[in-house]
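# Survey of secondary and tertiary structure
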Amino acid sequence: MTRKMNSPRPQPDPPEAGGGFKPVPFVVTFVVMMATWVALSGKLDIFHLSLGVISCVIVSLISSDLLITTSTFKGMPGLWLRFLLYMPWLIKEIILANIHLLKLVFHPRLLEEINPQIIEFRSRMEDDMALVTFANSITLTPGTITVSLSVFGDYVVHAIDDASAESLPGEMEKRVATVFGEAHG
């Protein structure tokens, strides 16, 4: 069974030309990676720290635009605060979905209760990071898996039963839109 829910969404703007080196994303990525390196290795001798610096510089040069997508910090503290406030709600939803699946698995009429289905819908969100965060949140919630996400915000999601499918896109999309400062009506 496939359920389609489409809402209009403007086409994305073409990528900006002239990527180039951006110092702010590089520094932030390097600091985060180096802190992670030190925390996970636990080695503070010159050999291990120099290996960490070399590795973090190389990876930061290659992938700094993935962690920080803008060259300024304007609005970033608010974004991180809203994301941290979103996390407890997501964890609660993951726990509730786990309980739902546990009941489903142990239901005496399991084969009657499950109804695997593909749901297709278009999100109204425009920010790429918001779209990916929403897709990951869906996949983290047991009973649903994001199968596909297009750059236009078209989602294809597999749900194991009707109850899991009914909640999509729903409250989760609204909360992710709030995290990324997008109006959601």
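Whatever comes next refers back to the structure up there.
First, a word on what this report is: a plain description of the structure on this page. Bear in mind the structure is a predicted one, so any value in this text is a computation, not a measurement. (Residues numbered from 1 in each chain as written. Predicted model: local features only at pLDDT ≥ 70, side-chain atom pairs only at ≥ 80, totals over all residues. Heavy atoms only, no water.)

### Here we look at the side chain of Ser123
Structurally, the position occupied by Ser123 is in the loop between β2 (117–122) and α5 (128–140). Exposure remark for Ser123: the relative accessible area of 0% places this residue in the buried category. In this structure the side chain of Ser123 is engaged in a polar contact, spanning 2.6 Å, whose partner is the side chain of Glu173. (Helix = DSSP H or I, 4+ residues; strand = E, 2+ residues; numbered from the N terminus. Buried < 20%, exposed > 50% of the residue type's maximum accessible area, 1.4 Å probe, protein only. Polar contact = N/O pair within 3.5 Å; in protein donor to acceptor, adjacent residues only side chain to side chain.)

### Notes on a nonpolar patch on the surface
A contiguous nonpolar surface patch, about 620 Å² in accessible area, is contributed by Phe21, Ile54, Ile58, Val59, Leu61 and Ile62. Within the element layout of this structure, Phe21 appears in the loop between β1 (2–5) and α1 (23–41). Judged by relative accessible area, which is 56%, Phe21 ranks as exposed. (Patch = residues over 30% accessible without salt bridge, like charges linked within 9 Å, V, L, I, M, F, W, Y side chains within 5 Å. Areas by Shrake-Rupley, 256 points an atom, 1.4 Å probe, with all protein chains shown as cover. Salt bridge = Lys/Arg side-chain N within 4 Å of Asp/Glu carboxyl O.)

### Notes on the pairing of strand β4 (residues 154–159)
The alternating pattern of β4 places Tyr155, Val157 and Ala159 on a buried face, while none of Asp154, Val156 and His158, on the opposite face, is buried. Bridging between strand β3 (residues 144–149) and β4 involves 5 bridges; their strand directions are antiparallel. Bridging across to β4, Leu149 finds its partner in Tyr155. Here β3 hands over to β4 after 4 residues, with Gly153 in that stretch at a positive phi of 90°. (Pairing = 2+ DSSP bridges.)

### Overview of the packing of α5 against helix α7 (residues 170–179)
Close contact between α5 and α7 brings their axes to 10 Å; oriented N to C, the two are set at 145°. Note on packing geometry: the crossing formed by α5 with α7 is right-handed. Along the contact surface, α5 presents Ala130, Thr133, Phe134, Ser137 and Ile138, while α7 presents Met172, Glu173 and Val176. (Axes fitted to C-alpha atoms, helices over the stretch in contact; angles between N-to-C directions. Left-handed = near helix turned anticlockwise from the far one by under 90°. Contact = heavy atoms within 4.5 Å.)

Geometric descriptors of this kind do not, in isolation, establish any biological role.
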